[in-house]
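Summary of structural features
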Amino acid sequence: MGDNGATNDTEFRYRGNRLGMPESGPGSVPGFGRRFVGVLLDWLLSLAIVQGMTGSLTGPDPSAASGVALLIFAAMNIALLILFGTTLGKRIAGIGVVMTGERAFPWPIAMVVRTVALCLVVPAVIHDRDQRGLHDRAAGTVTRRY
């Protein structure tokens, strides 16, 4: 099967065009930098909460503090994404999460799937041409700029 020269509507032109999103500005798919800043801010907030609860991140068992921080990160992500479609870090970075319609998950289930996969880290660093990580693909979501 060859290309007959016709333009295909699902052809990749820029990240998000296959999802009906604009190329730039509000509603577009953010680049890696914005998404990384959002996750980093959320992780730092989780660490700050652990430090506030325990008084230290390097107590007798630093790995326990990391585990608690991961649980707080996950709980915070799930709760804030379900309620507002964004987290504190994502909001500061100017991004939010929306459904693409490719999965039939209810919104709360999609946010749980997305967050659990995000906490595994590897799905978040493997992404497609639309810069959707495997965690977004699994949940049927995409990040977008405000």
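Refer to the structure printed above.
Here's a quick rundown of the structure. Predicted, not measured: the structure shown is a model, and the values here were computed from it.

1. Observations concerning helix α4 (residues 107–119)
In a regular helix each residue adds 1.5 Å, so 13 residues correspond to 18 Å; α4 covers 18 Å between its end C-alpha atoms and thus fits that length. Those residues of α4 that are buried are in contact with α2 (62–84), α3 (88–93), β1 (95–99), α5 (122–125), α6 (134–139) and β2 (141–145). Remark: Val-121 follows α4 within two positions and exhibits a positive phi of approximately 70°.

2. Topic: the packing of aromatic side chains
This structure, assessed with the given rule, holds two aromatic pairs. With 5.9 Å between their ring centres and 70° between their planes, Trp-43 and Phe-73 make a pair best called edge-to-face. Separated by 30 residues along the polypeptide, Trp-43 in helix α1 (residues 32–54) and Phe-73 in helix α2 bring together distant segments of the chain. Owing to a relative accessible area of 4%, Phe-73 belongs among the buried residues under this scheme. Lying across the ring of Tyr-146, Arg-91 places its NZ or CZ 4.2 Å from the centre.

3. A look at the packing of α1 against α2
Two elements in contact, α1 and α2, have axes separated by 8 Å at closest approach and are oriented at 125°. Taken together, the axis directions place α1 and α2 in an arrangement best described as oblique. In this structure, α1 meets α2 at a crossing whose hand is right-handed. Note on element contacts: α2 touches α1 through Ala-65, Ser-66, Val-68, Ala-69, Leu-70, Ile-72, Phe-73, Met-76 and Asn-77, opposite Val-39, Asp-42, Trp-43, Leu-45, Ser-46, Leu-47, Ile-49, Val-50 and Met-53. Taken together, the residues of the contact of α1 with α2 break down into 14 nonpolar, three polar and one charged.

4. Some remarks on the layout of surface pockets
In this structure, the largest pocket spans a volume of roughly 530 Å³. Lining the largest pocket are 23 residues, and of these Phe-36, Val-39, Leu-118, Ala-124 and Val-125 sit closest to its centre. Elements supplying a minimum of two residues to the lining of the largest pocket: α1, α2, α4, α5 and α6. Here the lining of the largest pocket is built from residues that sort into 13 nonpolar, five polar and five charged.

Conventions and cut-offs
- Residues numbered from 1 in each chain as written.
- Predicted model: local features only at pLDDT ≥ 70, side-chain atom pairs only at ≥ 80, totals over all residues.
- Heavy atoms only, no water.
- Helix = DSSP H or I, 4+ residues; strand = E, 2+ residues; numbered from the N terminus.
- Expected span 1.5 Å × (residues − 1).
- Contact = heavy atoms within 4.5 Å.
- Phe/Tyr/Trp six-rings, centres within 6.5 Å; stacked < 30°, edge-to-face > 60°.
- Buried < 20%, exposed > 50% of the residue type's maximum accessible area, 1.4 Å probe, protein only.
- Lys NZ or Arg CZ within 6 Å of the ring centre and 35° of its normal.
- Axes fitted to C-alpha atoms, helices over the stretch in contact; angles between N-to-C directions.
- Parallel < 35°, antiparallel > 145°, perpendicular 65-115°, else oblique.
- Left-handed = near helix turned anticlockwise from the far one by under 90°.
- Nonpolar A, V, L, I, M, F, W, Y, C, P; charged D, E, K, R; others polar.
- 1 Å grid on protein atoms, 1.4 Å probe; cavity = no way out; pocket = protein on both sides within 12 Å on 5 of 7 lines; lining within 4 Å.
- Points joined across faces, edges and corners; volume = space filled by probe spheres on them.

Everything listed is a geometric property; what it means functionally is a separate question.
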